[in-house]
Amino acid sequence: MRKNIFYLMMAILTLTGLGLVVIPNGMHFTGWLLLGTAAVWAAGIFAVQWGKRSRAGKICGRIFFAGLTLVLVMLAGIETAIVFRGEADNSALPVDAVIVLGAGVNGETPSAALWSRIRAAEAYLEKHPEVPVVLSGGQGPGEAISEAEAMRRALWKNDSRKDARLLLEEQSSNTAQNLAFSKELLEKQGLDTDTAVIAVVTNDFHCFRAHMIAQKQGLRTIDVPAELPWWWLTANYYLREAFAVVKTALFD
């Protein structure tokens, strides 16, 4: 009976994962994660069965489950740090500049992630009307305009006085480039980025990794988190971000 339940759970994980991968829904990563979980589940079942048949299988099973426990503990710790960073409220702190990180654009329409950043940026900049603002993001596949231009059009498009302080950085294609190219642009405006405090507007799930990258580039930043409108997308991105943090820590 227990074995049948394990096989049923593995089938549910596999079918759900395949559905999320195949159907366009913005949750492909969660689909692949479920497929990976199903594979690990299958490996666990095999390890248990092998352990019942031989001493070598029992030893390998213990190593497998110990390693799996270690990985899960590490991912849980990373997720905790990501969530904690994404809940910070730094809106009252003084800053010398603002960088708004880009996200996807569908043709000329900002994606849900980008719209949330635009709204967070608009609210934050109303409280800091004098600081220079870099809108950062190039033009990628499926985008008719750059992410920076999409943000410029959305932010106070009918007020030229406010538009005048918006600086566009339209060459970047990832977070590291967002920050590096924005840093260069601010330095051209006369800002001393070695001592300046810069507010970085991005989604809550992305704040931790963006802060990591900023530190590597010698920037002093505070987070301005933006929330996505749908909880299932938020869960998907939080799961994906833990693996992105590991990649950034090891390779970037």
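What you see is a predicted model, and the numbers here were worked out from it, not measured in a lab. (Residues numbered from 1 in each chain as written. Predicted model: local features only at pLDDT ≥ 70, side-chain atom pairs only at ≥ 80, totals over all residues. Heavy atoms only, no water.)

Caption draft 1: Seen up close, the sheet that holds strand β6 (residues 197–203). As summarised here, the arrangement of the 5 strands in space is β5-β4-β1-β6-β7, forming an open sheet in which the pairing is parallel. In the strand order of this sheet, the two ends are held by β5 (166–169) and β7 (220–226), each with one partner. Recorded for the sheet is a direction-independent mean angle of 25 degrees between the axes of neighbouring strands. In the packing of helix α4 (residues 112–127) onto the sheet, the strands contacted are β1 (97–101), β4 (133–136), β6 and β7, and the crossing angle to β6 comes to about 145 degrees. Packed on one face of the sheet, helix α8 (residues 207–216) meets β1, β6 and β7 and runs near 165 degrees to β7. (Pairing = 2+ DSSP bridges. Helix = DSSP H or I, 4+ residues; strand = E, 2+ residues; numbered from the N terminus. Axes fitted to C-alpha atoms, helices over the stretch in contact; angles between N-to-C directions. Contact = heavy atoms within 4.5 Å.)

Caption draft 2: Looking closely at the nonpolar core. Counting residues in each nonpolar core, the largest one holds 45 residues, and the members touching the most others are Val95, Val98, Val100, Tyr124 and Leu135. Broken down by element, the residue count for this core peaks at 7 residues, all from α4. Residues in contact with Val100, not counting those within four places in the same chain, are Arg117, Ala121, Val133, Val134, Leu135, Ser136, Met151 and Val201. In this structure, Ala196, Val200, Ile213 and Ala214 belong to the second largest nonpolar core, which totals 15 residues. (Core = buried A, V, L, I, M, F, W, Y, C linked by side-chain atoms within 4.5 Å. Buried < 20%, exposed > 50% of the residue type's maximum accessible area, 1.4 Å probe, protein only.)

That's the geometry; what it means functionally is another story.
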